[in-house]
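# Reading the structure
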Amino acid sequence: MATGRTHRPATRSRGIPEATVARLPLYLRALTGLSERSVPTVSSEELAAAAGVNSAKLRKDFSYLGSYGTRGVGYDVEYLVYQISRELGLTQDWPIVMVGIGNLGAALANYGGFASRGFRVAALIDADPAMTGKSVAGMSVQHADDLEKIIDDNGVSIGVIATPAGAAQQVCDRLVAAGVTSILNFAPTVLTVPDGVDVRKVDLSIELQILAFHEQRKAGEGQDDAMEEAGTETPAATAAKPARKGPDGDVPAVMPA
């Protein structure tokens, strides 16, 4: 079976835009759901809705794969699953190492979806000697001193970092020096890597802060609606009122503090 070291995805050489690459997993997830329900074909509108994009964007994305569907029939679900899986490099085995087996690392190790999506967790690694030999997700945790040997023995090119922020850069440097060229970073810090190394960052706190922003906006809009129903001027309306004339010229509707 091929390993991650012997093959690289074809997306860059074929000129597929990064935005399209980012949407391919969304299409694959929707298509996999259809396949599991034995749905043979799907229209661009139905698949776009399931993936959360508009149908014009989906058709444009699929054109980069050379897949245009059949008028009046739609797309063949199984063939699209194969096309996208092949383009993402998921038709082969990708061994990965996970470094940092604390609460988050252990939760990730127990995630059951890696194998079905083309990823094999080759090793769980932690710097704490007390963790060495412990069983997590059916695997024995190995010590960080053996990181380079583990990577070499398993032909690993993808690493997952789930360490505390202070240790992440050092771990990253060791991964890169050992030959890892793609890193998924769960540590709350920005990693510095050389050219040719890809890093994807997953920061749950940032995602929550973005949601908090939208919640605040929605709460503000609700307050404005309530004030309008009560006949009270909203802050936005007050600020938008034209200036009135005073003895010394225009007076702003809202005086500065």
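Summary of the structure given here. (Residues numbered from 1 in each chain as written. Predicted model: local features only at pLDDT ≥ 70, side-chain atom pairs only at ≥ 80, totals over all residues. Heavy atoms only, no water.)

### Points about the packing of aromatic side chains
Note the following rule: Working definition: rings of Phe, Tyr and Trp (its six-membered ring) pair if their centres are within 6.5 Å, and the pair is stacked with planes under 30 degrees apart, edge-to-face with planes over 60 apart, and tilted otherwise. Helix numbers and strand numbers start at the N terminus; a helix is a DSSP run of H or I with at least 4 residues, a strand a run of E with at least 2. Only protein chains enter the calculation, and the probe is 1.4 Å; a residue is then buried if its accessible area is under 20% of its type maximum, exposed if over 50%, and partly exposed in between.
Under the definition given, this model contains 4 aromatic pairs. Taking 5.0 Å as the distance between ring centres and 75 degrees as the angle between the ring planes, the aromatic pair formed by Tyr27 and Phe62 counts as edge-to-face. Here the residue Tyr27 occupies a position in helix α1 (residues 18-36), and Phe62 occupies one in helix α3 (residues 55-65), the gap between them amounting to 35 residues. By the burial criterion, Tyr27 is buried, and Phe62 matches it. Taken together, a centroid distance of 5.1 Å and an interplanar angle of 85 degrees make the contact between Phe62 and Tyr75 edge-to-face. In this pair, Phe62 is assigned in helix α3 and Tyr75 in strand β2 (residues 75-76), connecting sequence segments 13 residues apart. Just as Phe62 is buried, Tyr75 falls in that class too. In this structure an aromatic cluster arises from ring pairing among Tyr27, Phe62 and Tyr75.

### A short note on the nonpolar core
Grouped burial of nonpolar side chains is what soluble globular proteins tend to show. Spelled out, the test is: Put simply, a nonpolar core is a bunch of buried Ala, Val, Leu, Ile, Met, Phe, Trp, Tyr and Cys residues held in one set by side-chain atoms that sit within 4.5 Å of each other.
Within the largest apolar cluster, 22 residues are counted, with the highest numbers of intra-cluster contacts made by Tyr27, Leu31, Val42, Leu47, Leu58, Phe62 and Ile84. Elements that contribute at least two residues to this core include exactly α1, α2 (44-51), α3 and α4 (77-87). Grouped together as the second largest cluster of nonpolar side chains are 21 residues, Val99, Ile125, Leu147 and Ile161 included.

### Thoughts on the layout of surface pockets
The criterion, for reference: Think of a 1 Å grid over the protein atoms and nothing else: a 1.4 Å probe that fits but is trapped marks a cavity, an open set flanked by protein within 12 Å on at least five of seven lines marks a pocket, and residues with an atom within 4 Å of a point count as lining. Grid points are joined across faces, edges and corners, and a volume is the space filled by probe spheres set on the points. Nonpolar residues are Ala, Val, Leu, Ile, Met, Phe, Trp, Tyr, Cys and Pro. Charged residues are Asp, Glu, Lys and Arg, and all others, Gly as well, are polar.
Computed from the structure, the largest pocket encloses a volume of approximately 1,900 Å³. Lining the largest pocket are 41 residues, and of these Pro25, Leu88, Leu90, Phe119 and Arg200 sit closest to its centre. Elements with a minimum of two residues in the lining of the largest pocket: α1, α4, β3 (94-99), β8 (158-161), β9 (182-185) and β10 (198-201). Per element, the largest residue contribution to the lining of the largest pocket is 10 residues, and it comes from α1. Along the lines of polarity and charge, the residues of the lining of the largest pocket split into 23 nonpolar, 8 polar and 10 charged.

### Quick look at the side chain of Asp61
What counts is decided by this rule: By the criterion applied in these results, polar contacts are pairs of N or O atoms within 3.5 Å in which, for protein atoms, one can donate a hydrogen and the other can accept it, and in which residues neighboring in sequence qualify only through two side-chain atoms.
Turning to its location among the elements, Asp61 is positioned in helix α3. What makes Asp61 buried here is its relative accessible area of 1%. A distance of 2.6 Å separates polar atoms of two side chains, one belonging to Asp61 and the other to Tyr27.

### With respect to the sheet that holds β8
The condition that has to hold: Two strands qualify as a pair provided that DSSP identifies no fewer than 2 bridges between them. Two residues form a contact once any of their heavy atoms are found within 4.5 Å. Helix axes are fitted only over the stretch in contact, all axes being lines through C-alpha atoms; the angle between N-to-C directions runs from 0 to 180 degrees.
Within the open sheet, the 6 strands sit side by side as β7-β4-β3-β8-β9-β10. Their pairing is parallel. The sheet is open, and its two edges are formed by β7 (142-143) and β10, each paired on a single side. By the bridge criterion, 6 bridges tie β3 to strand β4 (residues 119-126) in an arrangement that is parallel. Considered in β4, the bridge of Met98 is made with Leu124. This element, helix α6 (residues 147-154), spans β3, β4 and β7 of the sheet and lies at about 165 degrees to β4.

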